[in-house]
Amino acid sequence: MTTDPVARALENLKKAGGTPVSGAPVAASRRKNTTQRRASRRIPTRMDGRADRSYRDPKGFHELVGREIRRQGWQQQFSVHKLMNAWEELVGDKVAAHTRPVSYQQENQQLVVQCDSTPWATQLRLMQRSILQSLARQLGPDVVAELKILGPNIKLPRTGRLRVKGRGPRDDFG
């Protein structure tokens, strides 16, 4: 026998560890399960060893709403509303100054756009492919498949008792 108290305590621990006492396996297994659960919930650490609590940081409103829109399957409706309300951001200031979206037809994915003059309607028809590509890139590929471009809606005043029906409204204003 050794007289060193630490060595004696170590020998006693080795002897006692071999045979468990009755009723102890249940408590030991409970202890083991709770220890494993705690280990699985460990908080990740940073490079310096401190706990990384970034997972608890509040998320941005855009991120939370975007996740809910995807979960509910509202991407199509959200994109259409964005198209109608943020037209200037989608096509640019210059084009938006002379055009406006009038309606959207869900069945054939057609967007109806009205221009303020005939030259702008012609120019928009020439730019149609690039506008559709830009909208597909910003909103998604399945939102707008076709553009229907309308000219200006000019109503000539119908004055006087006797009016001769002429050639119809003309775009003589620009």
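Fair warning: this is a prediction, and the values are worked out from it, not measured in the lab. (Residues numbered from 1 in each chain as written. Predicted model: local features only at pLDDT ≥ 70, side-chain atom pairs only at ≥ 80, totals over all residues. Heavy atoms only, no water.)

Asker: Whenever I open this one, the sheet that holds strand β2 (residues 110-115) confuses me. Can you help?
Answerer: Adjacent strands of a sheet pair through backbone hydrogen bonds, lying either parallel or antiparallel. If you trace the three strands from one edge of the open sheet to the other, you get β1-β2-β3, paired in mixed fashion. Looking at which strands have only one partner, the edges of the open sheet turn out to be β1 (99-105) and β3 (146-150). For this sheet the average axis-to-axis angle between neighbouring strands, irrespective of direction, equals 25°. In terms of strand pairing, β1 meets β2 through six bridges, oriented antiparallel. Bridge pairing in β2 links R100 to Q114. Sheet strands touched by helix α8 (residues 128-139): β2 and β3. Its angle to β3, the strand with the most contacts, is close to 130°. (Pairing = 2+ DSSP bridges. Helix = DSSP H or I, 4+ residues; strand = E, 2+ residues; numbered from the N terminus. Axes fitted to C-alpha atoms, helices over the stretch in contact; angles between N-to-C directions. Contact = heavy atoms within 4.5 Å.)

Asker: Looking at this structure, how should I read the layout of surface pockets?
Answerer: Where empty space is left can be seen by rolling a probe of water-molecule size over the atoms. Each pocket or cavity is described by its volume, and for the largest pocket that value is around 270 Å³. Along its surface, the largest pocket is lined by 13 residues, and H62, G66, I69, R70 and F78 are the ones closest to its centre. Elements that contribute at least two residues to the lining of the largest pocket include exactly α3 (61-72), α4 (75-85) and α8. The element that contributes the greatest number of residues to the lining of the largest pocket is α3, accounting for seven residues. Within the lining of the largest pocket, the residues separate by chemical class into four nonpolar, five polar and four charged. (1 Å grid on protein atoms, 1.4 Å probe; cavity = no way out; pocket = protein on both sides within 12 Å on 5 of 7 lines; lining within 4 Å. Points joined across faces, edges and corners; volume = space filled by probe spheres on them. Nonpolar A, V, L, I, M, F, W, Y, C, P; charged D, E, K, R; others polar.)

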